Amino acid sequence: MSGTNAKEGPVDSCLYHVEGAGLDGLESLLNDDDLEELMILGYDKPVRVYHRESGSCETNLILDKTDIDELVERLRKANPYAGSSSYFDARLPDGSRANVILPPISVWGPAVTVRKFPREPISVMKLIESGTLNLDAAALLWLYVEGIWERPANLIVVGGTGTGKTTLLNALTSFFHEEERVITIEDVAELNMAHENWVRLEVPFGSGVTLDDLLKNALRMRPDRIVVGEVRGSEAETLFNAMNTGHEGVLGTLHANSAYDALRRLNSTPMNVPKQMLRLLDVIVVMGVVVTGGRRRRMVVEISETSGGEQDLPRISTIMKLERETLSLVPTGVPSGFRDMLAGRSGMSPRQVAEELGRRRSFLGKLVGGTGGFRGFYDHVQDYYRSEKSHAR
Ligand SMILES: Nc1ncnc2c1ncn2[C@@H]1O[C@H](COP(=O)(O)OP(=O)(O)OP(=O)(O)O)[C@@H](O)[C@H]1O
Ligand SMILES: [Mg+2]
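The notes below deal with the structure included here. Along each chain, residue indices are assigned from 1 in the same order as the chain's sequence is written. A letter from A marks each chain and a number from 1 marks each ligand, given out in the order of writing. Residues qualify for local features only when their pLDDT is at least 70, as the model is predicted, and side-chain atom pairs are given and counted only at 80 or more; totals for whole chains, interfaces and linings, by contrast, use all residues. Only hydrogens and water are set aside; all other atoms, that is, all heavy atoms of the structure, feed into the side-chain values.

Here we take up the pattern of salt bridges. Throughout this description, the term salt bridge denotes a Lys or Arg side-chain nitrogen within 4 Å of a carboxyl oxygen of Asp or Glu. In total, this model carries 30 salt bridges according to the counting rule given. In this structure, the salt-bridge partner of Arg52 is Glu36, at a minimum N-O distance of 3.6 Å. Here Arg52 is found in the loop between strand S4 (46–51) and strand S5 (55–62), whereas its partner Glu36 is found in strand S3 (residues 35–40), with 16 residues between them in sequence. Buried, partly exposed and exposed residues are distinguished by accessible area as a fraction of the type maximum, computed with a 1.4 Å probe on protein chains only: under 20%, between the cut-offs, and over 50%, respectively. You can call Arg52 partly exposed: its relative accessible area is 27%. The shortest N-O distance in the salt bridge between Glu302 and Lys321 comes to 3.4 Å. Of this pair, Glu302 sits in strand S15 (residues 295–307) while Lys321 sits in strand S16 (residues 315–323); the two residues are 19 residues apart in sequence, bridging distant segments of the chain. Residue classification places Glu302 among the buried residues on the basis of a relative accessible area of 11%. Secondary structure elements follow DSSP: runs of H or I no shorter than four residues count as helices, runs of E no shorter than two count as strands, and numbering proceeds from the N terminus.

Our next topic: the nonpolar core. Nonpolar cores were defined as sets of buried Ala, Val, Leu, Ile, Met, Phe, Trp, Tyr and Cys residues, with membership established by side-chain atoms within 4.5 Å. Residues Tyr144, Leu155, Leu266 and Ile303 are the most contacted members of the largest nonpolar core, which totals 86 residues. Ranked by the residues each element gives to this core, the list is headed by helix H4 (residues 135–146), at ten residues. Those residues in contact with Tyr144 that lie beyond four places of it in its chain are Pro152, Ala153, Leu155, Val283, Ile303, Glu305, Ile319, Ser336 and Phe338. Listed in part, the 27 residues of the second largest apolar core include Leu63, Phe88, Ala90 and Val100. Between two residues, a contact is recorded if the distance between any of their heavy atoms is within 4.5 Å.

This paragraph deals with the packing of helix H6 (residues 211–219) against helix H7 (residues 235–244). To define axes, lines are fitted to C-alpha atoms, for helices over the stretch in contact only, and angles between the resulting N-to-C directions are given on a 0 to 180 degree scale. With their axes 9 Å apart at the nearest point, H6 and H7 run at an angle of 20 degrees to one another. Our classification of the angle between H6 and H7 gives roughly parallel. Viewed along their axes, H6 and H7 form a crossing whose handedness is left-handed. When H6 is examined against H7, the residues Leu211, Asp212, Leu215, Lys216 and Leu219 are found in contact with a partner set consisting of Glu235, Thr238, Leu239 and Ala242. Each residue is assigned to one of three groups, with Ala, Val, Leu, Ile, Met, Phe, Trp, Tyr, Cys and Pro labelled nonpolar, Asp, Glu, Lys and Arg labelled charged, and all others, Gly among them, labelled polar. A per-class count over the contact of H6 with H7 returns five nonpolar, one polar and three charged. The cut-offs work like this: below 35 degrees is roughly parallel, past 145 is roughly antiparallel, 65 to 115 is roughly perpendicular, and the gaps in between are oblique. Handedness of a crossing follows from how the near helix is turned relative to the far one, being left-handed for an anticlockwise turn of less than a right angle and right-handed for a clockwise one.

Glancing now at the site of ligand 1. What surrounds ligand 1 is a group of 17 residues, the closest being Thr132, Lys165, Thr166, Thr167 and Arg298. Taking Thr132, its side chain carries an N or O atom lying 2.7 Å from a nitrogen atom of ligand 1. As used in this structure description, the phrase polar contact means that two N or O atoms lie within 3.5 Å; if the pair is within protein, one of them must be able to donate a hydrogen and the other to accept it, and residues adjacent in sequence are counted only when both atoms belong to side chains. Contacts to ligand 1 include Lys165, whose side-chain N or O atom sits 2.8 Å from an oxygen atom. To be clear on the numbers: accessible area is Shrake-Rupley with a 1.4 Å probe, and residue cover counts the displayed protein chains and nothing else. Alone, ligand 1 offers 630 Å² of accessible surface; in the complex the protein occludes 88% of this. No other element matches the three residues that helix H5 (residues 165–172) contributes to the shell around ligand 1. Near residues are defined by distance, with any heavy atom within 4 Å of the molecule or strand qualifying the residue.

By definition here, a helix of n residues has an expected span of 1.5 Å times n minus one. Counted at 1.5 Å a residue, the expected span for helix H11 (residues 350–367) with its 18 residues is 26 Å, and the 26 Å between its end C-alpha atoms agrees. Among the residues making up H11, those that are buried are Val353, Glu356, Leu357, Arg360, Leu364 and Leu367. Along H11, the residues classed as buried sweep out an arc of 100 degrees about the axis, all on the same side. Exposed side chains of H11 directed beyond 90 degrees from the buried face belong to Arg351 and Lys366. Directly after H11, the chain includes Gly369, whose backbone phi takes a positive value near 90 degrees. The directions considered for the arc run from the helix axis to the C-beta atoms.

What follows covers the layout of surface pockets. Volume-wise, the second largest pocket comes out at about 350 Å³. Taken together, 18 residues line the second largest pocket, and the ones lying closest to its centre are Glu27, Leu30, Arg74, Leu92 and Pro93. Among the elements of the structure, helix H1 (22–30), S3, helix H2 (65–78) and strand S8 (111–115) are those that each provide at least two residues to the lining of the second largest pocket. Taken together, the residues that form the lining of the second largest pocket break down as twelve nonpolar, one polar and five charged. Grid spacing is 1 Å over the protein atoms alone, the probe is 1.4 Å, and a cavity is where that probe fits but cannot get out, while a pocket is an open set with protein on both sides within 12 Å along at least five of seven lines and lining residues have an atom within 4 Å of a point. Grid points are joined across faces, edges and corners, and a volume is the space filled by probe spheres set on the points.

To continue, consider the state of the cysteines. In this description, a disulfide is simply a cysteine sulfur pair whose atoms lie within 2.5 Å. Enumeration according to the criterion identifies one disulfide in this entry. The residue that forms a disulfide with Cys14 is Cys57, at a sulfur-sulfur distance of 1.9 Å. Linking Cys14 and Cys57, the disulfide has an S-S dihedral of approximately 65 degrees and is accordingly described as right-handed. With a gap of 43 residues between them, Cys14 in strand S2 (residues 14–16) and Cys57 in strand S5 connect regions that are remote in the sequence. With relative accessibility at 26%, the residue Cys14 sits in the partly exposed group. Judged by relative accessible area, which is 1%, Cys57 ranks as buried.

Shown next as structure tokens:
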């Protein structure tokens with residue numbers, strides 16, 4: 001298993017044929033939903049792509065100075081803060097995000113890297129169907145993220161670069177109740193949810209505004225849910241202060257290789273979250289990339305809870321773990337303190353909580369193979385809440 005910094009698809013590279021030349025050819029690459037990234041290395045060099053199935057590929061498209069300079073000018077106009085900077089980020093009309101680095105920093109001419117976002121986000125059901133997680137793990141994450149109407153967990157998804165952290169985080173937002181007011185805060189707006197009452201904030205590249213500034217504003221906006229795309233700097237402490245003052249169900253991602261590594265990083269510079277505050281984080285989900293049959297697959301490799309720890313880092317209780325031999329995510333048998341807490345708060349017995357978990361698992365099981373995409377899955381989840389509410393009456 002290779003835990004970090006790897007992508008999906010076969011390990012070998014390939015050749016990818018593009019119809020059309022110049023910027024028209026580039027346009028057809030942008031329209032191909034199977035491509036995750038486009039990479040322009042400089043003048044007169046073959047454009048490279050990262051294909052969802054085939055991995056890293058060279059294309060037959062070669063852009064000359066006129067094409068690339070025109071593209072760069074268009075991108076510069078798309079970001080009001082780009083000015084005359086020799087590197088900047090900009091958003092394309094379809095929502096993709098481009099990073100531009102100009103000569104002399106980029107030696108062979110402008111380097112343009114475009115990260116494309118899927119038109120339709122990946123749902124929890126798609127993640128189950130593709131084996132990223134199983135029904136047991138999905139039901140457990142549902143229980144955490146929603147908290148049985150009582151107390152949603154503060155949860156972070158961690159893993160190496162490109163392991164699918166943001167994708168899982170985005171999918172989990174379908175478990176929020178539709179009436180909740182959600183505020184998302186990101187350096188690069190990637191999250192794409194089905195909620196109506198959703199305020200989407202993004203740090204404009206080159207503006208001097210920070211993620212921490214956005215988070216402080218978000219806290220004044222009466223959020224029910226705060227989702228931070230990627231926690232990496234001083235906003236971490238603000239986020240934990242928010243949890244400390246009663247914000248629940250905070251979600252985010254963090255670059256780390258394990259649950260312990262995540263806690264250690266949160267407690268170190270530049271995040272500097274004090275140890276005694278770290279236990280406000282309830283759940284850590286670890287993503288990884290597993291190589292099977294010559295293919296790389298993004299998978300949930302661990303679901304852990306944190307507890308205790310006054311003087312030291314919190315204790316980590318691993319509730320589910322990926323079994324390497326069978327590649328299935330299995331319960332470790334370690335009891336879930338969070339579920340006991342939910343039982344205590346909601347007046348349910350631990351057995352009733354287990355029954356609710358089982359109901360959600362079988363509800364998800366019935367949806368396998370026919371949800372109708374991201375929006376369809378969200379609607380099913382909201383139907384589940386509505387029917388629970390009417391039972392309770
Ligand atoms: N479980 C999955 N199954 C298939 N494709 C996935 C899965 N998770 C993510 N992807 C695809 O992999 C790419 C990277 O995913 P994502 O951005 O979620 O990773 P990340 O860990 O957040 O990356 P980064 O480290 O850049 O923040 C995206 O193109 C996404 O569509
Ligand atoms: Mg991410």
